[in-house]
Amino acid sequence: MHHHRPVSAQRGISLTGLIFILVILGAIGVLGMKIVPTVIEYRAITKAIASAKESGSTVYGIRSSFNKHADTSYIDSITGSDLIIEKIENQYEVSFAYQKKIPLFGPASLVLDYEGTTIPANVRRLNK
């Protein structure tokens with residue numbers, strides 16, 4: 001008579017392990033949900049400086065064109081007065097740089113540095 005020992009059901013992951021993984025995934029999800037809007041805003045700003053450059057023929061014109069764009073595109077990180085506008089090869093080029101701070105927990109936060117420019121890569125820093 002053979003005594004078969006019951007094969008203990010081997011679960012790959014314990015409940016605490018599962019909860020831990022879910023917490024990590026949840027944290028990543030929350031972080032993603034906080035980061036995505038800043039990326040969308042960054043893209044909107046990049047589009048806004050391009051169209052401001054096209055439609056504005058003066059520094060003031062470029063700034064106010066950007067502000068009009070910002071109103072319709074949910075841009076609130078920067079305004080027209082934050083833009084860096086410089087004249088290169090007889091046309092105005094528009095640049096920006098700003099930080100987005102995402103609070104995580106307690107004193108910890110994630111800082112994203114966004115920047116962009118209408119200056120073509122091959123022209124950048126070649127002038128003078």
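Everything numeric in this text was worked out from a predicted model, so none of it was measured.

Parameters and conventions
Each chain carries its own residue numbering, running from 1 in the direction its sequence is written. It should be noted that, the model being predicted, local features are given only for residues of pLDDT at least 70 and side-chain atom pairs only at 80 or more, the latter also being counted only at that level, while totals for whole chains, interfaces and linings use all residues. Side-chain calculation: all heavy atoms of the structure are included, whereas hydrogens and water are not. What counts as a helix is a DSSP run of H or I of at least four residues, what counts as a strand is a run of E of at least two, and both are numbered from the N terminus. Categorising residues by exposure relies on relative accessible area from a 1.4 Å probe, with only protein chains included: less than 20% of the type maximum marks a residue as buried, more than 50% marks it as exposed, and the intermediate range marks it as partly exposed. Whether two residues are in contact is decided by their heavy atoms: any pair within 4.5 Å suffices. Reported accessibility uses the Shrake-Rupley method at a 1.4 Å probe radius. Residues are deemed covered only where the shown protein chains occlude them. Paired strands are those between which DSSP finds at least two bridges. In this analysis an axis means a line fitted to C-alpha atoms, helices contributing only their contacting stretch, and an angle means the value between N-to-C directions, from 0 to 180 degrees. Patch definition: residues with relative accessible area over 30% and no salt bridge; like charges joined within 9 Å; nonpolar side chains (Val, Leu, Ile, Met, Phe, Trp, Tyr) joined within 5 Å. Throughout this description, the term salt bridge denotes a Lys or Arg side-chain nitrogen within 4 Å of a carboxyl oxygen of Asp or Glu. Side-chain atoms within 4.5 Å link the members of a nonpolar core, which is a set of buried Ala, Val, Leu, Ile, Met, Phe, Trp, Tyr and Cys residues. On a range of 0 to 100, pLDDT expresses the predictor's confidence in each residue.

1. Comments concerning the overall build of the protein chain
Argument step 1. Per the secondary structure count, the protein chain includes 2 helices and 3 strands.
Argument step 2. Scanning the protein chain from its N terminus toward the C terminus, one meets helices and strands in the order α-α-β-β-β.
Argument step 3. Within the span of the protein chain, comprising 128 residues, buried residues form 25% of the whole.
Argument step 4. Summarising the internal contacts of the protein chain: among those between residues at least 6 apart in sequence, 47% fall at separations of at least 24.
Argument step 5. Of the roughly 9,700 Å² of accessible surface on the protein chain, 60% is carried by carbon and sulfur atoms.

2. Things to note about the sheet that holds strand E1 (residues 84-88)
Argument step 1. The sheet built from 3 strands is open, its strands ordered E1-E2-E3 with antiparallel pairing. In this open sheet, the two strands that pair with only one neighbour each are E1 and strand E3 (108-117). The mean angle between the axes of side-by-side strands here comes to 20°, regardless of whether they run parallel or antiparallel.
Argument step 2. On top of the sheet, helix H1 (residues 15-55) reaches strand E2 (91-105) and E3; it is set at about 170° to E2, its chief contact.

3. Re a nonpolar patch on the surface
Argument step 1. A grouping of Ile 13, Leu 15, Leu 18, Ile 19, Phe 20, Ile 21, Leu 22, Val 23, Ile 24, Leu 25 and Ile 28 is seen on the molecular surface, where their side chains present a nonpolar patch of about 1,100 Å² in accessible area.
Argument step 2. Checked against the element boundaries, Phe 20 lands in helix H1.
Argument step 3. Looking at Phe 20, the relative accessible area reads 55%, which means it is exposed.

4. Considerations on the nonpolar core
Argument step 1. By size, the foremost hydrophobic cluster in this structure holds 18 residues, and its most contacted members are Ile 45, Ile 49, Phe 66, Ile 75, Ile 78, Leu 83 and Phe 96.
Argument step 2. Among the elements that make up this core, the one with the highest residue count is H1 (5 residues).

5. Here we look at the pattern of salt bridges
Any two side chains of opposite charge can pair, given that their charged atoms come close.
Argument step 1. Overall, the coordinates contain 3 salt bridges when judged by the stated rule.
Argument step 2. When the shortest N-O distance is used, the salt bridge between Lys 100 and Asp 76 registers 4.0 Å. Remark: Asp 76 occurs in the loop between helix H2 (59-72) and E1 and Lys 100 occurs in strand E2; sequence separation between them is 24 residues.
Argument step 3. Note on Asp 76: relative accessible area 63%, which makes it exposed.
Argument step 4. Residues joined by salt bridges that share partners form a network here, namely Glu 41, Asp 76 and Lys 100.

6. Some words on the confidence of the model for the protein chain
Do not read the predicted coordinates in detail wherever pLDDT is low.
Argument step 1. Summing up the model confidence of the protein chain, the mean pLDDT is 87 and the portion of residues at 70 or higher is 87%.
Argument step 2. Here E2 is the element of the protein chain with the lowest mean pLDDT, 92, and E3 is the one with the highest, 94.

7. Let's talk about the environment of Tyr 98
Argument step 1. Positionally, Tyr 98 belongs in strand E2.
Argument step 2. With residues near it in sequence (within four places) discarded, Tyr 98 still touches Thr 38, Glu 41, Tyr 42, Ile 45, Ser 77, Ile 78, Leu 112, Asp 113 and Tyr 114.

8. A short note on the pairing of E1
Argument step 1. With 5 bridges connecting them, E1 and E2 associate as antiparallel partners. Within E2, the position partnered with Glu 86 by the bridge is Glu 93.

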